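Here is how the chains run, residue by residue.
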Amino acid sequence: MTEQPSPFAPRGSTEDVEEGRALAPKFDADGLVTCVATDMRSGDVLMVAHMNAEALRKTIESGEAWYYSRSRKRLWRKGETSGHVQRVVEMRIDCDQDAVWIKVEQAGAGACHTGRSSCFYRAVPLGGSERGALALEFRGAEDADDPHAVYGDKKPTSTS
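Reading guide: rules and limits
- Residues numbered from 1 in each chain as written.
- Predicted model: local features only at pLDDT ≥ 70, side-chain atom pairs only at ≥ 80, totals over all residues.
- Heavy atoms only, no water.
- Helix = DSSP H or I, 4+ residues; strand = E, 2+ residues; numbered from the N terminus.
- Buried < 20%, exposed > 50% of the residue type's maximum accessible area, 1.4 Å probe, protein only.
- Contact = heavy atoms within 4.5 Å.
- Areas by Shrake-Rupley, 256 points an atom, 1.4 Å probe, with all protein chains shown as cover.
- Pairing = 2+ DSSP bridges.
- Polar contact = N/O pair within 3.5 Å; in protein donor to acceptor, adjacent residues only side chain to side chain.
- Core = buried A, V, L, I, M, F, W, Y, C linked by side-chain atoms within 4.5 Å.
- Patch = residues over 30% accessible without salt bridge, like charges linked within 9 Å, V, L, I, M, F, W, Y side chains within 5 Å.
- Salt bridge = Lys/Arg side-chain N within 4 Å of Asp/Glu carboxyl O.
- Axes fitted to C-alpha atoms, helices over the stretch in contact; angles between N-to-C directions.

When helices and strands are tallied, the protein shows three helices and eight strands. Seen in sequence order, the protein has helices and strands lined up from the N terminus as α-β-β-α-β-β-β-β-β-β-α. Taken over 160 residues, the protein has a buried fraction of 36%. Here the analysis covers contacts within the protein between residues at least 6 apart in sequence; of these, 45% occur between residues at least 24 apart. For the protein, the exposed surface amounts to about 9,700 Å²; the carbon and sulfur share of it is 49%.

Moving on, we come to the pairing of strand β5 (residues 86-93). The side chains of a regular strand alternate, first on one face of the sheet and then on the other. Note that β5 and strand β6 (residues 99-106) share seven bridges and pair antiparallel. Within β6, the residue paired with Ile-93 across the bridge is Val-100. Connecting the antiparallel pair β5 and β6 is a turn made up of five residues, with Gln-97 showing a positive phi of about 60 degrees.

Secondary-structure assignment places Ser-118 in the loop between β6 and β7 (122-123). At a separation of 2.7 Å, a polar atom in the side chain of Ser-118 contacts the main-chain carbonyl oxygen of Val-45. Polar contacts involving the side chain of Ser-118 include one to the main-chain amide nitrogen of Phe-120, which spans 2.9 Å. Setting aside residues up to four positions removed in sequence, Ser-118 forms contacts with Val-45, Leu-46 and Cys-112.

Turning to the environment of Pro-10, a few remarks are in order. With respect to the helices and strands, Pro-10 occurs in the segment before α1 (14-19). Using a relative accessible area of 72% as the deciding quantity, one classes Pro-10 as exposed. Once the C-alpha coordinates of Pro-10 and Lys-26 are considered, the two residues, 16 residues apart in sequence, prove to be 9.5 Å apart.

A few words on the nonpolar core. Across soluble globular proteins, nonpolar side chains have a tendency to be buried as a group. Among the nonpolar cores identified, the biggest contains 20 residues, and Cys-35, Met-47, Met-51, Tyr-67, Val-100 and Ile-102 are the most heavily contacted of them. Every element with two or more residues in this core is listed here: β1 (33-39), β2 (45-51), α2 (53-62), β3 (66-69), β4 (74-77) and β6. Discounting residues that sit within four places of it in the chain, Ile-102 has contacts with Cys-35, Val-36, Ala-37, Thr-38, Ala-65, Tyr-67, Gln-86, Val-88, Glu-90 and Met-91.

A contiguous nonpolar surface patch, about 240 Å² in accessible area, is contributed by Val-45, Val-48 and Phe-120. For Val-48, the position within the fold is in strand β2.

On to the sheet that holds β2. Read across the sheet, four strands follow the order β2-β1-β6-β5 without closing on themselves; strand pairing throughout is mixed. Because the sheet does not close on itself, it has two edges, and the strands there are β2 and β5. Sheet twist, expressed as the average angle between the axes of neighbouring strands with direction ignored, equals 25 degrees. For β1 and β2, the ladder comprises six bridges, and the chain directions are antiparallel. Within β2, the residue paired with Thr-34 across the bridge is His-50.

Take a look at the structure:
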């Protein structure tokens, strides 16, 4: 199998990276960049995942979100099991090119493997640590689909 040439530019000077027009992602020691996916319409954060160079390339080429699972150690296309595909409408990279933000149209009931529309369905109460262990507050969690109905026996344990 022939490896495709990288579509990414080599890392240049700080000025080149921060002000230039070349996409030169800074992958971490594990070869990953963090990706934040938000809903194109509402702006809500749907999920945070990771991309390796192949996932980033496939996302750019296909217009669908691809990620790298750290726990499963493999590439995966969002929605490949559930059908809850993320169509990428816009992709941005941060100032030093080590994080990606994608604005997506989310197909299906949601982005979270728990069956919820967002992975961020619990709030941490602020200013109350003196009360002992913090109790998370569920927010927007009532919209959950049954993950077993969505994934069957293939329900993932996490997207990370």
